[in-house]
Amino acid sequence: MLLSDEQMEYVEAMIQRSGLKNDQLRVDLIDHIACEIEEHVQEGEDFDRAVGKIFKAYSPRHIRRIEHEVEILTTEIMQKRTKIIGIIGLFMTTTGATLKLFHLAGAYMTMVVGVAILGIGFFGSNTLDMIRNLDSVKGKIVQVIGALGALMTLSGGMFKLLHLPGALVLLMTGPFLLLLYFSFSTFLRTKSVEE
Amino acid sequence: MYSNELVRGTLKTLVLKILAEQPRMYGYQLSKEVKERTEGKIVLTEGALYPILHKLQKDELVTSEEEMVGNRIRKYYKLTEKGKKVSSEKTIELLNFMQTLALFIKGKPAISYASI
């Protein structure tokens, strides 16, 4: 017995609330979930109970995780883009440091832009990506601590080279945050999409 | 049920093998088939199945066609010619691997090609 129009609308609305963007995957999941519900109904369970049971497993985060997994396997664009941003940021930072070492013009601006690119484009986008795919609040906090630590350490080095105030504080806080990040991430377990 | 760690590397081959035996299949049907044929010892969850199917499609090993089933769209997957070739290569590779493992553990091959 197939689900009614009204029941299908409900299933689609439940999937919609997960924020799933991949249309092809949406088609797959709607049919897959509908089949599971139909199987439960055929075994004598009523629709509401079956839906409740199934959407407990298909949480919005679980659906987004599947989408993320599909994205990782089918597109390398995002990873490549992040890497390119990282290369540009690091290139500008090292160029700025070299200019500074030889007292050449443009050191200040090159380093500031390089660190900003690394901070926002590389650490920022990587952290957002990790946050999106982690279930626990603890895990998300740890990722933010790691990104802040890396950014502060990098900025500390830049501040020191450019003789800006606050370098020491940044160089003390940044590595400390990185220490926290590595300590926590060693002991925190993250769930994989297949579980 | 076998652990994810043990099964992970074989799922793609299982999907290719099942698709090679049928003209076309949809996702739920595939996951049911794997569960039934392995007596529930291997469960192909939606979290593993759809990333595999989309990756196979991207690699042009499978194609998909949509069809209305009642009031919803169903996507059927089928192997391409390239997919059929890869399916048979991957199946043989997996069989060889299983034989090697059996040889390693028991000292004799567990599977005969004649029975496949």
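Residues numbered from 1 in each chain as written. Chains lettered and ligands numbered in written order. Predicted model: local features only at pLDDT ≥ 70, side-chain atom pairs only at ≥ 80, totals over all residues.

Participant: Give me the overall build of chain A: which residues, what numbers.
Facilitator: Looking only at helices and strands, chain A features eight helices and zero strands. When the helices and strands of chain A are read in sequence order from the N terminus, they spell out α-α-α-α-α-α-α-α. Counting over 195 residues, chain A shows a buried share of 29%. Once local pairs closer than 6 in sequence are excluded, the contacts in chain A between residues at least 24 apart make up 60%. (Helix = DSSP H or I, 4+ residues; strand = E, 2+ residues; numbered from the N terminus. Buried ≥ 20, exposed ≤ 12 C-beta atoms within 10 Å, placed from the backbone. Contact = placed C-beta atoms within 7 Å.)

Participant: Which residues make up the sheet that holds strand S2 (residues 62-69) of chain B, and what values do they have?
Facilitator: In sheet architecture, strand pairing relies on hydrogen bonds along the backbone and comes in two forms, parallel and antiparallel. A sheet is described by the order of its strands in space; here three strands give the open sequence S1-S3-S2 (chain B), paired in antiparallel fashion. Looking at strand neighbours, the two that pair on one side only are strand S1 (25-26) and S2 of chain B, the edges of this open sheet. Both S2(B) and strand S3 (residues 72-79) of chain B contribute to a ladder of eight bridges, which runs antiparallel. Bridging from a neighbouring strand, B:Glu67 pairs with B:Arg74 of S3(B). With respect to the sheet, helix H2 (residues 23-42) of chain A is in contact with S1, S2 and S3 of chain B, its orientation differing from that of S3(B) by roughly 105°. Its contacts with the sheet place helix H4 (residues 46-58) of chain B against S2 and S3 of chain B, and it is angled at close to 120° to S2(B). (Pairing = 2+ DSSP bridges. Axes fitted to C-alpha atoms, helices over the stretch in contact; angles between N-to-C directions.)

Participant: Any chance you could break down the pairing of S3(B) for me, citing the residues and the numbers?
Facilitator: As paired elements, S1(B) and S3(B) share two bridges and run antiparallel to each other. Following the sheet pairing, B:Met25 is matched in S3(B) by B:Tyr77.

Participant: Explain the interface of chain B and chain A to me, and be specific about the residues and the numbers.
Facilitator: The interface is formed by 20 residues belonging to chain B together with 21 residues belonging to chain A. Of all the secondary-structure elements, those providing two or more residues to the side of chain B that touches chain A are helix H3 (27-37), H4 and S3 of chain B. For the side of chain B that touches chain A, the per-class residue count stands at six nonpolar, seven polar and seven charged. (Nonpolar A, V, L, I, M, F, W, Y, C, P; charged D, E, K, R; others polar.)

Participant: Give a description of the confidence of the model for chain A that names residues and reports values.
Facilitator: Fine structural detail should not be taken from predicted coordinates in areas where pLDDT scores are low. Residues and elements named next belong to chain A. Confidence in the prediction for chain A averages 85 pLDDT; 91% of positions are at 70 or higher. Put simply, helix H6 (residues 107-132) is where chain A has its lowest mean pLDDT, 82, and H2 is where it has its highest, 94. Every residue in residues 191-195 is under pLDDT 50, and counting partners more than four places away or in other chains gives 10 contacts. (pLDDT = per-residue confidence, 0-100.)

Participant: Go over helix H7 (residues 137-161) of chain A, please, and point to the residues and values.
Facilitator: The first and last C-alpha atoms of H7(A) sit 36 Å apart over 25 residues, in line with the 36 Å expected at 1.5 Å per residue. One or two residues past the end of H7(A) sits A:His163, with phi positive at roughly 55°. (Expected span 1.5 Å × (residues − 1).)

Participant: An account of helix H5 (residues 81-105) of chain B is needed here, citing residue identities and associated values.
Facilitator: All names here are of chain B. Between its first and last C-alpha, H5 extends 36 Å over 25 residues, near the 36 Å set by a 1.5 Å rise per residue. Among the residues of H5, Gly83, Val86 and Ser87 are the ones counted as buried. Of the surrounding secondary structure, the elements contacted by the buried residues of H5 are helix H2 (11-21), S2 and S3. Once H5 ends, the next one or two residues include Gly107, with phi positive near 90°.

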